[in-house]
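Remarks on the overall topology
What follows is the residue order along each chain.
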Amino acid sequence: MPHGVAEGRIRVYLLDDHALVRRGLRAVLELEDDIEVVGEAGTVAEAVPQILDLVPDVAILDGRLPDGHGIEVCRQVRSADPRIKALILTSYDDDEALFSAILAGSGGYVLKQVDESALVSGIRAVVQGHSLIEPEVAVRVIERMRGAGTVPDGIDSLSGTESQILDLITEGLTNRQIGERLYLAEKTVKNHVTTLLAKLGVKRRTQAAVMASELRRRRSR
């Protein structure tokens with residue numbers, strides 16, 4: 001369970017190179033009883049060590065920054081600590097960036113024009129393990145991954161246990177939570193996850209979840 005959720009509050013970190021934007025986001029989020037902003041930065045260099053030290057429930061990351069971009073921060077942070085969710089907040093509706101954000105493990109890619117209430121709802125959803133990626137976007141991602149030869153035609157190669165674990169990954173559960181649900185040791189779950197990712201030809205849990213959701217949606221038609 002995310003740290004902030006366990007305490008009844010969602011801990012949020014803000015990364016944007018404009019102080020005015022950070023101030024506005026903080027003002028909006030701190031109106032919510034269940035959200036607190038625990039840190040902020042204006043550069044990648046500042047943000048990465050701070051995020052890993054603070055371990056927020058979700059990091060809201062600007063798409064483009066003076067010394068890099070939020071997608072790279074997402075990749076670094078999620079690789080070091082998968083418990084930290086990430087949400088890319090950007091001014092640019094860019095398919096290439098969107099694709100990269102999903103592969104980096106982001107829970108969503110949201111334009112800065114988003115309504116305040118929608119942003120707050122999105123943060124809550126991402127922290128609970130849900131994705132803000134629209135179904136049609138997932139289709140584009142799957143097709144691109146398939147075109148690159150990284151997605152198999154199906155998931156029939158998975159064992160029964162691996163399929164169950166993949167379903168729970170899609171729900172946003174951690175290895176520990178999956179172990180509790182299936183009565184398996186956390187290490188056993190980790191081994192199964194490593195195997196199923198290899199079978200699916202992907203490197204990240206987010207990729208597997210997006211792929212599984214879309215493939216199963218097509219099968220149910």
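So, here is what we can say about the structure in this document.

Quick notes on the rules
Residues numbered from 1 in each chain as written. Predicted model: local features only at pLDDT ≥ 70, side-chain atom pairs only at ≥ 80, totals over all residues. Heavy atoms only, no water. Helix = DSSP H or I, 4+ residues; strand = E, 2+ residues; numbered from the N terminus. Buried < 20%, exposed > 50% of the residue type's maximum accessible area, 1.4 Å probe, protein only. Pairing = 2+ DSSP bridges. Expected span 1.5 Å × (residues − 1). Contact = heavy atoms within 4.5 Å.

In this model, V55 sits at a positive phi of 50 degrees, which is unusual for a non-glycine residue. As for its placement among the helices and strands, V55 is situated in the loop between α3 (44-54) and β3 (58-62). Residue classification places V55 among the partly exposed residues on the basis of a relative accessible area of 21%. Of note in this structure, Y183 is not a glycine but carries a positive phi near 60 degrees. As for its position among the elements, Y183 is in the loop between α9 (175-182) and α10 (186-200). Owing to a relative accessible area of 75%, Y183 belongs among the exposed residues under this scheme.

Our focus in this paragraph is the pairing of β3. In terms of burial, β3 is largely enclosed, as five of its five residues are buried. Side-chain alternation along β3 places V58, I60 and D62 on one buried face and A59 and L61 on a second face that is also buried. In this sheet, strand β6 (residues 85-90) lies alongside β3 in parallel orientation, the contact comprising five bridges. If you follow A59 over to β6, its bridge partner there is A86.

Attention now moves to helix α6 (residues 116-127). The terminal C-alpha atoms of α6 lie 17 Å apart, and with twelve residues this matches the ideal 16 Å at 1.5 Å per residue to within 8%. Just past α6, the residue G129 takes up positive phi, approximately 95 degrees.

This part is about the environment of L25. Within the secondary structure, L25 is located in helix α2 (residues 19-29). For L25, a relative accessible area of 14% puts it in the buried group. A C-alpha to C-alpha distance of 8.9 Å links L25 and E116, two positions 91 residues apart in sequence. Discounting residues that sit within four places of it in the chain, L25 has contacts with L14, L89 and L119.

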